[in-house]
Amino acid sequence: MQVNSNYQHNGNTFTGFKFNPASKERFLNILENINDPSISNKCRRIISSQKDNPVEIKIDTFDYVFGHEADGLEAYINGKFSHDSTGINSFGFVLAPRATIDEGYSIVRFLKKAADGAEKVLNDLMEKRIASKESDTFMENKQVIDQINEYI
């Protein structure tokens, strides 16, 4: 079922996560600096979990916030800003608990939050299509009922 009209299959396995070159480099540098195979594996699993999700998660670099260097990543789900990986809130204050948590936990949490957000968007879109009777299942069922109707 194609939910997002911007979904392009291109003959490849679709991946919900889209990293531009700068964000990909920053992400890989974070994993190299953490140097923990279990963290890298968790990140791989989260990214892989979205391989069939037509909701795009665009990961971008987050360089500055309120004029200060942030050196982080930010996530956009279907083009809308979702969250970033820094410990800075929308008022420019560093959130102490997030700032003191190790970087490995933070990057896993960042990806998990993006994946959860994309799945919520997909579920909401599917519910709307089902409610408006546009789902593939509804259309398929209607065709079968029409065929039955021809016989009775």
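Here the structure is a predicted model, which means the values were calculated and not measured.

Engineer: Help me get a handle on the overall build of the chain, residues and values and all.
Structural biologist: Of regular secondary structure, the chain possesses five helices and four strands. Walking the chain from its N terminus toward its C terminus, one meets helices and strands in the order β-α-α-β-β-β-α-α-α. Out of the 152 residues belonging to the chain, those deemed buried represent 30%. Long-range pairs, those at least 24 residues apart, make up 64% of the contacts in the chain between residues at least 6 apart in sequence. Within the structure as shown, the chain displays about 10,200 Å² of accessible surface, and the carbon and sulfur contribution to it stands at 51%.

Engineer: Break down helix α1 (residues 21-34) for me, with residues and values.
Structural biologist: Relative to the 20 Å expected for 14 residues at 1.5 Å per residue, α1 spans 20 Å between its end C-alpha atoms, a close match to the ideal helical length. Just downstream of α1 lies Asn35, where phi reads positive at about 55°.

Engineer: I'd like a rundown of the confidence of the model for the chain, residues and numbers included.
Structural biologist: Of all residues in the chain, 63% attain a pLDDT of 70 or more, and the chain-wide mean is 77. Across the chain, the secondary-structure element scoring lowest on mean pLDDT is helix α3 (residues 96-100), at 51, and the one scoring highest is strand β1 (residues 17-19), at 94. This stretch, residues 1-13, has a pLDDT under 50; its non-local contacts, to residues over four places away or in other chains, come to 18 contacts.

Engineer: How would you explain unusual backbone geometry if you had to name every residue and give the values?
Structural biologist: Negative phi is the rule for most residues except glycine; trans is the rule for most peptide bonds. Phi is positive for Asn35, close to 55°, though the residue is something other than glycine. Judged by relative accessible area, which is 65%, Asn35 ranks as exposed. For Asn78, which is not glycine, the phi torsion reads 50° and is therefore positive. Residue position: Asn78 is located in the loop between β3 (68-77) and β4 (80-84).

Parameters and conventions
Counting restarts for each chain: residues are numbered from 1 in the order of the written sequence. Whole-chain, interface and lining totals are the exception, using all residues; otherwise, since this is a predicted model, local features are given only for residues with pLDDT of at least 70 and side-chain atom pairs are given and counted only at 80 or more. Remark: hydrogens and water are excluded; side-chain values derive from all non-hydrogen atoms of the structure. What counts as a helix is a DSSP run of H or I of at least four residues, what counts as a strand is a run of E of at least two, and both are numbered from the N terminus. Partly exposed residues are those whose accessible area sits between 20% and 50% of the maximum for their type, while under 20% is buried and over 50% is exposed, using a 1.4 Å probe and protein chains only. Working rule for contacts: check all heavy atoms of both residues, and any pair within 4.5 Å makes them a contact. Methods summary: accessible areas were calculated by the Shrake-Rupley approach with a probe of 1.4 Å, and residue burial reflects only the protein chains presented. Each helix should span, by expectation, one fewer than its residue count multiplied by 1.5 Å. How sure the predictor is of each residue is captured by pLDDT, a score from 0 to 100.

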